[in-house]
Amino acid sequence: MKYATSIPSARSSSSSHYMLPRKRQVGGEVVLQEDGEPNLADESPIKKLCTDDSKGTECNSGNINSSSSSSDKPPIMAMGNNGNSGDIDEDLHSRQLAVYGRETMRRLFASNILVSGMQGLGAEIAKNLVLAGVKSVTLHDEGVVQLWDLSGNFFFSEEDIGKNRALACVQKLQELNNAVLISTLTTQLTKEKLSDFQAVVFTDISLDKAIEFDDYCHNHRPPISFIKSEVRGLFGSVFCDFGPEFTVLDVDGEDPHTGIVASISNDNPAMISCVDDERLEFEDGDLVLFTEVHGMTELNDGKPRKIKNARPYSFTIEEDTTNYGAYEKGGIVTQVKQPKVLKFKPLREAVKEPGDFLLIDFSKFDRPPLLHLAFQALDKFISELGRFPDSGSVDDATKFISLVTSINDSSADGKLEEIDQKILRHFAFGARAVLNPMAAMFGGIVGQEVVKACSAKFHPLFQFFYFDSVESLPTEASDPSDLKPLNSRYDAQISVFGAKLQKKLEESKVFTVGSGALGCEFLKNLALMGVACGQNGKLTITDDDVIEKSNLSRQFLFRDWNIGQAKSTVAATAAAQINGHFNIEALQNRASPESENVFDDTFWENLDVVINALDNVNARLYIDQRCLYFQKPLLESGTLGAKCNTQMVIPHLTENYGASRDPPEKQAPMCTVHSFPHNIDHCLTWARSEFEGLLEKVPAEVNAYLTNPSEYTMAMKNAGDAQARNNLESVIECLDKERCETFQDCITWARLKFEDYFSNRVKQLTYTFPEDATTSSGTPFWSAPKRFPRPLVFSVDDLSHLQFILASSILRAETFNIAIPDWVKSTQKFAEAVNNVMVPEFQPKKDVKIVTDEKATNILPASIDDAAVINELVMKLEKCKEQLPPGFKMNPIQFEKDDDTNYHMDVIAGFANMRARNYGIPEVDKLKAKFIAGRIIPAIATSTALATGLVCLELYKVLARGHKIEDYRNTFANLALPLFSMAEPVPPKVIKHQDMSWTVWDRWIIKDNPTLKQLLNWLKEKGLNAYSISYGSCLLYNSMFPKHRERMEKHMVDLARDVAKAELPPFRNHFDVVVACEDDEDNDIDIPQISIYFK
């Protein structure tokens, strides 16, 4: 199949396209069909290309990736409703799929985009679109690279100066995703050319030309989505026009809200109450569907109903249910998400009547209208003078302000009563500069708007968006001479901030923790800003992780050939290529207490700032504590799908990261997961637990026993509890009746597991608790949210049943190091082997105890005779060991979610979907199962770019020093809505005592190796009476213990070593103690941690 594109293949000399070997894989996978014949999966109609390595020519091979064909592996059968996903490389795009879903991704793969203007903003937008995987990106720019551009565009180097901007970007941009067609246009753009694209983005265009192009796009059939965006110094704007009528299919990207019905009244209006294990998220006006309602079956008609009076656990519907059947039990209520139609105004009208502006910072509620005038005035200034205002030029600023005033005066409606000349002066001074943090931020916002335009996923900006970060400027006004260019790559940045701050950036010492998606973006930004690029500057980055394929869709400093290499090393090397002066050291140490010999006191004391690029809370809390201790600024950020947040942690000004925490995620009770699931998450949690128990933990226990039998059995006897008994029983079962020697044994094991899990256990559960069972209070036992289960009847004709047996037997064989025979590829032969398994009849037992207590944390029942049973089990285990061949060892399997050829997710999805079938819960495909069971964090490049751009705007303030708390900004943003919420950080809690005050940032230091008596006297002078001093968990002094008075003349360091057995390494010159104090009125006073320097 030929490469399909709507861009003409015949191109003029000013237009060219580039293509490198593709990264996205499609086709070549063996799929089991109903007739049992393995066939090649249908190839995607979307973009197919293969390249001859020596010639780079396109070819029309039917199988693109024959080397990656899985035809040499047993067939993979779809679990759940998998659908044809051959057009999406799920290994590469898994995190993005978790945000967008397959349908949105397919729309993106069919979209052709134009990006005009390849300075910093255009480059950032193009980068995000190529990573997202659109069909094609055409780069348009008629200008050439200047030294000035190197402040904003990470594709440019000094060698590119004088080259066309679009041509200079294209090859490096292509490396990000070889499945995207990258083209260039280097001559004047005509509006007719715009019809080749679904969306067009302009970053450097006059207002008149923009109006002309937008008119064409707005009136085109179908409309072409038009986006105009500018970054001018610390000011930025976006305008969107997606046509006269644009339908948003999913306004927020959230899963539909659901509730489990507990009761429904026969009333007008009807009152619906839901179970109180989770608050309802419904709002008045939402439409909902009812299913599975027993009794009042009239509500199961599939008709959406509108909610009124939404409360945390109840709501009413506008319906008279007086004559409906009486509610009996059951019922699921599910939100029906409604499309929304937006009617965009063309730019010609919107400039004059902009409507409501999106407010992002309540301290600047009057700023957007002013900036709306400022960007128009800048366009007029350039059209009249043919240039931007000069930085520091008072005359140019005066001229610019007069243009703003003139436009304002001519405004019929919405005339501003007051013009802030100081803001406009800043605007004029920096108007020519494209600053990297601003380009990164707006590149994320605009990139997301393009995705919305192409997919109708998420709510577009409607229609103007304005932003500024004038607080990032130094607190002291720069001398005009300090803003003059120095013929350096940082000249654009100097024109805004001045050479003095540039010097501070270059000489700064920075610690970046993490080198994933956030880390890559930060390194790019910092390299362009010149951070740590001076003679005495240094950036240290650390990450103990290696690169995986799924990283490549966001972590843009990595390439296919880097898979398996250390993230920090590869990222540092790539960043150094962006700016050859970048002084960067890459480490592979996890920042933790265990690496404090690497990141020692001297390291921390020399830092200027710490930038977190982490993906877990515990690591963030550790870095937060280190920054508190050494009083270093911490710039924190995180992303979750289309959402992102930033938090500034500034010594003595703001609270620390750990001062406030999100509530812990609600965990389902153990009995719910094991016996009473009512949603697919419960099934998948159980499935992963069973996978790890059967295929990892039990084989690991077997190996632990076989490695040192006497030590293992002694440990079990010493434990003498239910867990030890269970471990021994599992090991004996694995080595005795469930031991596998042939692949047929593995099939038998898998078939019997199916029967045990999905038939026998359900029969036992419903025997113990029949459908009409009641609780001690007389209420039905099987009340919501409990769902009554039904046993499954195994059939080889059910492909999902057969797939579970296949995948499970393959992994069982792997644990026993058994080869997989070729006949497994034959569905008929494999089905025969499964049918040959003898499945014993099952009879439910009386008096079987099944845990129903939601507060129970352990499903293993304790027994008073555990110790006696353990002794018997040890004897059995020794007999089993005698039957094993010499050198026998098992191969524990660690769950790996990102390898679709390893059968791990096939087993887990099979486990979960069979269990869901038991309980009448909707099943999921393997991809959805991977998201939930693999605990995949949804991630996209756009929100990452936005977060890092915002953080780097704060970095200017940190390194400039002197800013007040009201100058800093914490941000929460959701690109899907879109929502931006900026506010100054929260100050730290202040504790006062006499004439002293302190916060969590303070640490008291006492030097010269004091004795205990000297420390007590030192505190006494502050009006504090110490009654307890501890080091770690060891008490060094307590006033209640008379013997402790004998320690008065001992040095504190000796007490720490002798009493607390402290091991103080050679690089440590102090240690910390916690002191409990009272004032003279016996009131407890919380004092800072005390550091005692002993050398």
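About the cut-offs
Residues numbered from 1 in each chain as written. Predicted model: local features only at pLDDT ≥ 70, side-chain atom pairs only at ≥ 80, totals over all residues. Heavy atoms only, no water. Helix = DSSP H or I, 4+ residues; strand = E, 2+ residues; numbered from the N terminus. Buried < 20%, exposed > 50% of the residue type's maximum accessible area, 1.4 Å probe, protein only. Contact = heavy atoms within 4.5 Å. Areas by Shrake-Rupley, 256 points an atom, 1.4 Å probe, with all protein chains shown as cover. Lys, Arg positive; Asp, Glu negative; His and termini not counted. Charge placed at Lys NZ, Arg CZ, Asp CG, Glu CD. Salt bridge = Lys/Arg side-chain N within 4 Å of Asp/Glu carboxyl O. Pairing = 2+ DSSP bridges. Axes fitted to C-alpha atoms, helices over the stretch in contact; angles between N-to-C directions. Expected span 1.5 Å × (residues − 1). Phe/Tyr/Trp six-rings, centres within 6.5 Å; stacked < 30°, edge-to-face > 60°. Polar contact = N/O pair within 3.5 Å; in protein donor to acceptor, adjacent residues only side chain to side chain. Core = buried A, V, L, I, M, F, W, Y, C linked by side-chain atoms within 4.5 Å. Patch = residues over 30% accessible without salt bridge, like charges linked within 9 Å, V, L, I, M, F, W, Y side chains within 5 Å. Parallel < 35°, antiparallel > 145°, perpendicular 65-115°, else oblique. Left-handed = near helix turned anticlockwise from the far one by under 90°. Nonpolar A, V, L, I, M, F, W, Y, C, P; charged D, E, K, R; others polar.

Enquirer: Looking at this structure, I do not really get the overall build of the chain. What am I missing?
Expert: The secondary structure content of the chain amounts to 29 helices and 36 strands. By principal-axis analysis of the C-alpha atoms, the chain measures approximately 95 × 85 × 75 Å. Every one of the 1095 residues in the chain was classed for burial, and the buried ones make up 55%. Long-range pairs, those at least 24 residues apart, make up 74% of the contacts in the chain with a sequence separation of at least 6. Total accessible area on the chain stands at roughly 47600 Å², and carbon and sulfur atoms take up 48% of it. Separation between the mean location of the 117 positive side-chain charges and that of the 154 negative ones in the chain comes to 2 Å.

Enquirer: Is there a simple way to explain the pattern of salt bridges in this structure?
Expert: Where side chains of opposite charge bring their charged atoms close, a pairing between them can arise. In the structure shown here, the tally under the stated rule is 62 salt bridges. The network of salt bridges with common partners includes Asp361, Lys364, Arg367, Asp468, Glu471 and Arg969.

Enquirer: Even after reading the chapter, I still don't get the sheet that holds strand E14 (residues 270-274), so can you show me in this structure?
Expert: Hydrogen bonding along the main chain pairs the strands of a sheet, whether they run parallel or antiparallel. Taken together, six strands build a closed barrel; the order of strands is E13-E14-E17-E16-E15-E18 and the barrel is antiparallel. In this sheet, neighbouring strand axes are inclined to one another by 45° on average, regardless of whether the strands run parallel or antiparallel.

Enquirer: Would you mind showing me how to read helix H14 (residues 567-578) here?
Expert: Given 3.6 residues per helical turn, the α-helix brings residues three or four places apart onto the same face. For H14, spanning twelve residues, the distance from its first C-alpha to its last is 17 Å, which sits close to the expected 16 Å at 1.5 Å a residue. Taken residue by residue, H14 has Lys567, Ser568, Val570, Ala571, Ala572, Ala574, Ala575 and Ile578 as its buried positions. Where the residues of H14 are buried, they touch helix H13 (517-529), strand E22 (538-542) and strand E23 (584-587).

Enquirer: Got a minute to help me understand the packing of aromatic side chains in this structure?
Expert: Working definition: an aromatic ring pair is given by the centre-to-centre distance plus the angle between the planes. A complete count under the given rule lists 53 aromatic pairs for this structure. An angle of 40° between the planes, with centres 5.2 Å apart, marks the rings of phenylalanine 242 and phenylalanine 344 as tilted. Of this pair, phenylalanine 242 sits in the loop between strand E11 (235-241) and strand E12 (246-248) while phenylalanine 344 sits in the loop between strand E19 (340-342) and helix H6 (347-350), placing them 102 residues apart in sequence. The burial state of phenylalanine 242 is the same as that of phenylalanine 344; both residues are buried.

Enquirer: For this particular structure, what's the right way to read the side chain of asparagine 153?
Expert: Its place among the elements puts asparagine 153 in the loop between strand E7 (136-140) and helix H4 (165-175). A distance of 3.0 Å separates the side chain of asparagine 153 from the backbone oxygen of methionine 118, its partner in a polar contact. The contacts of asparagine 153, once residues within four sequence positions are left out, are Met118, Gln119, Gly120, Ala123, Cys169 and Leu528.

Enquirer: What is the right way to read the sheet that holds strand E21 (residues 509-513) from this model?
Expert: Taken in spatial order, the eight strands of this open sheet run E23-E22-E21-E24-E25-E26-E27-E28, and their pairing is mixed. Whereas interior strands pair on both sides, the edge strands pair on one side only; in this sheet they are E23 and strand E28 (979-983). Shown here is a sheet whose adjacent strand axes are inclined to one another by a mean of 10°, direction ignored. Summarising the sheet, E21 and strand E24 (residues 609-612) pair through four bridges and their orientation is parallel. The residue bridging valine 513 from the neighbouring strand is asparagine 612, located in E24. This element, H13, spans E21, E22, E23, E24 and strand E25 (634-640) of the sheet and lies at about 130° to E25. The sheet strands contacting helix H16 (residues 617-630) are E21, E24, E25 and strand E26 (643-649), and the helix crosses E25 at an angle near 165°.

Enquirer: Sorry if this is basic, but what is going on with the nonpolar core here?
Expert: Nonpolar side chains tend toward joint burial in soluble globular proteins. Ranked by internal contacts, the top residues of the largest apolar core, which has 175 residues, are Val137, Leu139, Phe400 and Phe467. With twelve residues, helix H27 (residues 941-960) is the single largest residue contributor to this core. If we skip the residues at most four places from it in the chain, leucine 139 touches Val115, Met118, Ala126, Ala166, Cys169, Val170, Leu173, Ile182, Ser183, Thr184 and Leu185. Counting 80 residues, the second largest nonpolar core, distinct from the first, contains Trp782, Met914, Ala916 and Tyr919.

Enquirer: Would you mind showing me how to read the pairing of strand E18 (residues 332-336) here?
Expert: Looking at chain direction, strand E13 (residues 258-264) and E18 are connected through three bridges and run antiparallel. Across the sheet, residue glycine 259 finds its bridge partner in E18, namely valine 333. The pairing of strand E15 (residues 287-291) with E18 spans five bridges and is classified as antiparallel. Note on E18: the bridge partner recorded for leucine 287 is valine 336.

Enquirer: Looking at this model, I keep getting lost on a nonpolar patch on the surface. Mind explaining?
Expert: Nonpolar side chains collect at one region of the surface, where Leu359, Phe362 and Phe365 lie side by side and expose about 370 Å² of accessible area between them. Locating phenylalanine 365 in the fold gives a position in the loop between H6 and helix H7 (367-385). Phenylalanine 365 sits in the exposed class, given a relative accessible area of 60%.

Enquirer: Could you clarify how one ought to interpret the packing of helix H19 (residues 709-719) against helix H24 (residues 866-882) in this entry?
Expert: The relative placement of two packed helices comes down to the angle between their axes together with the axis-to-axis distance. Packing of H19 against H24 brings their axes to within 10 Å, and their N-to-C directions diverge by 160°. One finds that H19 runs roughly antiparallel with respect to H24. Read as a crossing pair, H19 and H24 show a hand that is right-handed. Two secondary-structure elements touch here, H19 through Pro709, Thr713, Met716 and Lys717 and H24 through Ile870, Asn871, Val874 and Lys881. By residue class, the composition of the contact of H19 with H24 is four nonpolar, two polar and two charged.

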